[in-house]
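The chain contents come next:
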Amino acid sequence: MSLLPSMIELLARARVDLRMGLPVVLAGNGAAALAIAAESLSAQRLADLRAYGEVSLALTARRAATLKARVYDSDIARLTVPADADRNWVRSLADPADDLNSPMKGPFICQRDGNADLHRLAIALVKSARLLPAALLVPVEAAAALAAELGLTLINHAIATPLLGQSSPLHPVAAARLPVEAAAAGRLHVFRPEDGGEEHYAIEIGRPDRSAPVLARLHSACFTGDVLGSLKCDCGPQLRGALAQMGAEGAGVLLYLNQEGRGIGLANKMRAYSLQDQGFDTVEANHRLGFEDDERDFRLGSEILRKLGFDQVRLLTNNPKKISMMEHAGIKVTERVPLRVGENDFNRAYLATKANKSGHML
């Protein structure tokens, strides 16, 4: 029946539930579990989870490495939550804010038996909800009946996992003329993903020839740099510099992708900034939070370009990953156009980290 939610719609619902502190029901491979985000956990819901059995905490291998917890499942760790552990104990393992003040958080009981698929799914879900990548799970029986009884969202592992690894299809929503400082002949296109996520934008300068390589830039949203003029990064100068170059040439496309903080969201980006204030570089801060160096999905940019009618670009970038992604997605990169702007005393170390650890050509 078409009025029933699809799995994509159920995943969107699950993200909202997890952000609000509600559990979801996960099921697959003959197992089922209640799962809740560690970040939004309340003391009462922790107590209610315990009524179903032994609670475990799923963490990424990156976060587990900081905690010196054993990883038996390659990319995640499963820790038994002690019976006397409270919400603050859970939060201290999920959030590295106070790691330096209280570095010894163990010893931990790390699980190695049984299937970790549902724990892995829970991590993927909380990441997609832009929460700290940590989740609590407790095994349950009769997943469908329990979800119906409690009014919770039921997520099937076999159907959901491939969807979480894909780029959600984008659809054009609206477009209109938009004169900008860089060029009076500007046009803004809005694209909306099917999965209920953030919309993404394309700013078209002039009337680019669809049969020739277009000057293009993939720009990830940066509220602090683009809007506030933050000196901690070079994002604002790159945004304005790219548009100015397109304006000078009379044509170009800037893809503005809502993937703040390398795909971890603004709140987690601020957590990373706080860790940087403690002496960690950008990559180290992301790892301590439990994220990878870069969680962005650049395939979104290639899809927007194709929908606009482009298959060749002169790419304004210092990031070789963007070039390889474009080529892999079928967009030919005929030229890399350097974009070296915005270095200052506050971001010099940040730029050095991008060059040394992320391979940026600076």
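Before reading further, recall that the structure is shown in the block above.
Residues numbered from 1 in each chain as written. Predicted model: local features only at pLDDT ≥ 70, side-chain atom pairs only at ≥ 80, totals over all residues. Heavy atoms only, no water.

**Here we look at the overall build of the chain**
Part 1 of the argument: Tallying secondary structure elements over the chain gives 15 helices and 13 strands in all.
Part 2 of the argument: A compact globule built from 362 residues should have a C-alpha radius of gyration of about 21 Å, and the chain, at 22 Å, falls within 12% of that.
Part 3 of the argument: Seen through its C-alpha atoms, the chain measures out along the principal axes to roughly 65 × 55 × 30 Å.
Part 4 of the argument: When the 362 residues of the chain are sorted by exposure, 52% land in the buried category.
Part 5 of the argument: Accessible surface for the chain amounts to roughly 16,600 Å². Of this, 54% is attributable to carbon and sulfur atoms. (Helix = DSSP H or I, 4+ residues; strand = E, 2+ residues; numbered from the N terminus. Rg over C-alpha atoms; globule rule 2.2 N^0.38 Å. Buried < 20%, exposed > 50% of the residue type's maximum accessible area, 1.4 Å probe, protein only. Areas by Shrake-Rupley, 256 points an atom, 1.4 Å probe, with all protein chains shown as cover.)

**Regarding the packing of aromatic side chains**
Between two aromatic rings, the relevant description is the distance of the centres plus the angle of the planes.
Part 1 of the argument: The final tally for this structure, using the stated rule, is one aromatic pair.
Part 2 of the argument: With 6.3 Å between their ring centres and 20° between their planes, tyrosine 201 and tyrosine 256 make a pair best called stacked. Of this pair, tyrosine 201 sits in strand E9 (residues 200-206) while tyrosine 256 sits in strand E11 (residues 251-257), placing them 55 residues apart in sequence.
Part 3 of the argument: Judged by relative accessible area, tyrosine 256 falls into the buried class, the value being 15%. (Phe/Tyr/Trp six-rings, centres within 6.5 Å; stacked < 30°, edge-to-face > 60°.)

**With respect to the nonpolar core**
Part 1 of the argument: Counting residues in hydrophobic clusters, the biggest one holds 41 residues, and the most contacted among them are Leu34, Leu57, Leu79, Phe108 and Leu136.
Part 2 of the argument: Looking at this core element by element, the count peaks at four residues for helix H4 (residues 87-94).
Part 3 of the argument: Residue contacts for leucine 79: discarding those within four places in its chain leaves Val55, Ser56, Leu57, Leu59, Ala69, Leu93, Phe108, Ile109, Cys110 and Gln111.
Part 4 of the argument: If you look at the next biggest cluster of nonpolar residues, it comprises 25 residues, including Ile76, Ala116, Leu118 and Ala129. (Core = buried A, V, L, I, M, F, W, Y, C linked by side-chain atoms within 4.5 Å. Contact = heavy atoms within 4.5 Å.)

**Structural notes on empty space enclosed by the protein**
Part 1 of the argument: One pass over the full model with this rule turns up two cavities of 30 Å³ or more.
Part 2 of the argument: Volume-wise, the largest cavity comes out at about 410 Å³.
Part 3 of the argument: As for the largest cavity, its lining consists of 27 residues, of which Cys235, Arg262, Arg296, Tyr350 and Lys354 are closest to the centre.
Part 4 of the argument: Among the secondary structure elements, those contributing two or more residues to the lining of the largest cavity are strand E10 (214-220), helix H9 (235-249), helix H10 (260-263), helix H11 (266-277), helix H12 (282-289) and helix H15 (348-358).
Part 5 of the argument: No other element matches the four residues that H11 contributes to the lining of the largest cavity. (1 Å grid on protein atoms, 1.4 Å probe; cavity = no way out; pocket = protein on both sides within 12 Å on 5 of 7 lines; lining within 4 Å. Points joined across faces, edges and corners; volume = space filled by probe spheres on them.)

**Description of the pairing of strand E5 (residues 134-139)**
Regular strands place their side chains on alternate faces of the sheet.
Part 1 of the argument: Among the six residues in E5, five count as buried, and that is most of the element.
Part 2 of the argument: Note: strand E2 (residues 31-37) against E5, five bridges, orientation antiparallel. Within E5, the position partnered with isoleucine 36 by the bridge is leucine 136.
Part 3 of the argument: Across four bridges, the pairing between strand E3 (residues 56-60) and E5 is antiparallel. Across the sheet, serine 56 pairs through a bridge with leucine 137, a residue of E5. (Pairing = 2+ DSSP bridges.)

**Considerations on unusual backbone geometry**
The phi torsion of most residues other than glycine is negative, and most of the peptide bonds are trans.
Part 1 of the argument: Of note, the bond from glycine 106 into proline 107 is cis; its omega dihedral lies within 30 degrees of zero at 0°.
Part 2 of the argument: The phi dihedral of serine 74 is positive, around 65°, even though this residue is not glycine.
Part 3 of the argument: By the secondary structure assignment, serine 74 is in the loop between helix H3 (61-67) and strand E4 (76-80).
Part 4 of the argument: Phi at alanine 142 takes a positive value of approximately 50°, unusual for a residue other than glycine.

**Some details on the sheet that holds strand E12 (residues 312-316)**
Part 1 of the argument: Taking strand neighbours across the sheet as the criterion, the seven strands line up as E7-E8-E9-E11-E10-E12-E13 in an open arrangement whose pairing is mixed. The sheet is open, and its two edges are formed by strand E7 (170-177) and strand E13 (332-337), each paired on a single side. In this sheet, neighbouring strand axes are inclined to one another by 25° on average, regardless of whether the strands run parallel or antiparallel.
Part 2 of the argument: In terms of strand pairing, strand E8 (residues 186-193) meets E9 through six bridges, oriented antiparallel. Pairing of glycine 186 across the sheet is with isoleucine 205, part of E9.
Part 3 of the argument: Running over the sheet, H9 touches E9, E10, E11, E12 and E13 and is turned about 165° from E10.
Part 4 of the argument: Along the sheet, helix H13 (residues 299-308) contacts E7, E8, E9, E10, E11 and E12; its crossing angle with E11, the most-contacted strand, is approximately 140°. (Axes fitted to C-alpha atoms, helices over the stretch in contact; angles between N-to-C directions.)

**Considering the layout of surface pockets**
Part 1 of the argument: Of the pockets and cavities examined, the largest pocket occupies roughly 1,300 Å³.
Part 2 of the argument: Counting residues per element, the ones that place at least two in the lining of the largest pocket are helix H1 (7-20), H3, helix H5 (117-128), helix H7 (157-164) and H13.
Part 3 of the argument: Of all the elements, H5 adds the most residues to the lining of the largest pocket, at seven residues.
Part 4 of the argument: Residues of the lining of the largest pocket, tallied by class, amount to 17 nonpolar, 15 polar and 16 charged.
Part 5 of the argument: Estimates place the volume of the second largest pocket at around 350 Å³. (Nonpolar A, V, L, I, M, F, W, Y, C, P; charged D, E, K, R; others polar.)

Keep in mind these numbers describe shape, not what the thing actually does.
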